Amino acid sequence: MTGRLQDRVAIVFGAGGGPDGVTNGQAAALTYARAGARVIAVDLSAEAARHTVSSIEEEGGQAIAVTADAADPESVATAVGEGISAFGTIDVLHNNVGVTVLGTPVELDFADWRRAFTINTDTVFHTMKHVLPIMLGQQRGAIVNVSSIASLRDIGYPYPAYMASKAAVNQATVSVAITYAAQGIRANCVAPGLMDTPMVRRQLHSQADSIDELLTKRRAATPTGSMGTCWDVANASLFLASDEAAYVNGVCLPVDGGLTARSV
């Protein structure tokens, strides 16, 4: 335990993990716990949430597993209530719920377009709506929303719905950051680049003839020649959630090995 979040409580939406590799949400929950936070691990899958909590408890941390649908406002309200009942407050809100929806406007049904916004954007609204009153009551809090560099530039995949929904997350974060800055609340985004995570393997496999080819292309597209990991995203999130980032507010921090800085 490093103590950077000692005596803090973090609620992580999309915190679940499983047997196919560590997810961004699971890594964030573990990283917050290692920094001393008590963690409310929320996931649509009860089994996935319990998996993350077990990992935290094995390392001596404190956490509870909560099952909730972050796209359902009543479910979010219940999850927040369970977290408050267990730990008394919430100091850090981490939003990691997301889905990649592929397809051009010609190919997509409107339902697919709306699905991207429901999962990627509406979830951020619901969670902030129910956690912000707690943070306002204590005049302190940090919000970390996981976006994507696809919200900042084209990275070669045909997914305008994903790009637009993540761009909306960025601007919602900026608005909240400015609105509540004087009340001691900060809000920032982390924008992962080409990462090697279970979601990438599940949701982008159609963009190559094989998983190996997909991963090779992604490595070649980065300035470093390698993809990032869930721990890179988690460590950036920990910085933004901690007091070390006390004067960092309303930013979208790329975690991409320099990809967004490259001109071509």
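Positions within a chain are numbered from 1, following the residues in the order the chain's sequence is written. Only residues with pLDDT of 70 or above have their local features reported here, since the model is predicted, and side-chain atom pairs are shown and tallied only from 80 upward, although totals for entire chains, interfaces and linings are computed over all residues. The basis for every side-chain value is the complete set of heavy atoms in the structure, and neither hydrogens nor water enter the calculation.

As a further point, take the overall build of the chain. Helix numbering and strand numbering both begin at the N terminus, where a helix is a DSSP run of H or I of at least 4 residues and a strand a DSSP run of E of at least 2. When you go through the chain residue by residue, the secondary structure sums to eight helices and seven strands. Radius of gyration here uses only the C-alpha atoms, and the compact-globule reference equals 2.2 Å multiplied by the residue count raised to the power 0.38. On C-alpha atoms alone, the chain measures out to a radius of gyration of 17 Å, which is about the 18 Å that the 2.2 N^0.38 rule sets for 264 residues. Across its three principal directions, the C-alpha atoms of the chain cover 50 × 40 × 35 Å. For every residue, the accessible area obtained with a 1.4 Å probe (protein chains only) is divided by the maximum for its type, and the residue is called buried under 20%, exposed over 50%, and partly exposed between those limits. Looking at the chain as a whole, 50% of its 264 residues are labelled buried. Computed over 18 positive and 25 negative side-chain charges, the separation of the two mean positions in the chain equals 5 Å. We count Lys and Arg on the positive side and Asp and Glu on the negative side, and we leave His and both chain ends out. Note that the charge is assigned to NZ on lysines, CZ on arginines, CG on aspartates and CD on glutamates.

A word on helix H3 (residues 73-87). Between the first and last residue of a helix there are one fewer steps than residues, each counted as 1.5 Å, and that sum is the expected span. Here H3 spans 21 Å end to end across 15 residues, near enough to the 21 Å set by a 1.5 Å rise per residue. Considered for burial, the residues of H3 that qualify are Ser75, Val76, Ala79, Val80, Gly83 and Phe87. Axial view of H3: buried residues confined to an arc of 135°, hence all on one face. In this structure, H3 carries Glu74 and Ser85 as exposed residues pointing more than 90 degrees from its buried face. Summarising the geometry, the arc corresponds to the directions from the helix axis toward the C-beta atoms.

It is worth spelling out the packing of aromatic side chains at this point. Given two aromatic rings, their pairing is described by the distance between the two centres and the angle made by the two planes. For Phe, Tyr and Trp, where Trp contributes only its six-membered ring, two rings pair if their centres lie within 6.5 Å, and the inter-plane angle classes them as stacked under 30 degrees, edge-to-face over 60, or tilted in between. Counted under the stated rule, the structure contains three aromatic pairs. Taken together, a centroid distance of 5.4 Å and an interplanar angle of 40° make the contact between Trp113 and Phe117 tilted. Taken together, the residues Trp113 and Phe117, both in helix H4 (residues 110-138) and four residues apart, mark about one turn of the helix. Relative to Tyr162, the ring of Tyr159 lies with its centre 4.8 Å away and its plane at 40°, an arrangement referred to as tilted.

Topologically, Arg8 is positioned in the segment before strand E1 (9-13). Take Arg8: its relative accessible area is 16%, and that puts it in the buried class. For the purposes of these results, a polar contact is taken to be a pair of N or O atoms within 3.5 Å, where, inside protein, one atom must be able to donate a hydrogen and its partner to accept one; residues adjacent in sequence count only when each atom of the pair is a side-chain atom. One polar contact links Arg8 to Asp243, side chain to side chain, over a distance of 2.9 Å. Should any heavy atoms of two residues lie within 4.5 Å, those residues are counted as being in contact. Excluding anything up to four places from it in sequence, Arg8 contacts Gly36, Ala37, Arg38, Asp91, Arg140 and Asp243.

Let us now look at the pattern of salt bridges. Whenever Lys or Arg places a side-chain nitrogen within 4 Å of a carboxyl oxygen from Asp or Glu, that contact is recorded as a salt bridge. Applying the stated criterion across every chain yields a total of five salt bridges. A salt bridge links Glu244 to Arg4; the shortest N-O distance between them is 2.8 Å. Note that Glu244 is positioned in the loop between helix H8 (230-241) and strand E7 (252-255) and Arg4 in the segment before E1, a separation of 240 residues in sequence. Accessibility expressed as a relative area gives 30% for Arg4, which makes it partly exposed.

This part covers H4. Taking 1.5 Å of rise per residue, the 29 residues of H4 would be expected to cover 42 Å, and the 41 Å separating its terminal C-alpha atoms lies within 8% of that figure. Within H4, the axis deviates most sharply at Asp122, by approximately 40°. Every buried residue of H4 is listed here: Ala116, Phe117, Asn120, Thr121, Thr123, Val124, His126, Thr127, Met128, Val131, Leu132 and Met135. Packed against the buried residues of H4 are E1, H3, strand E4 (92-95), strand E5 (141-146), helix H5 (160-179) and strand E6 (185-192). Throughout, the bend at a residue refers to the angle made by two axes, fitted to the seven residues ending there and to the seven starting there.

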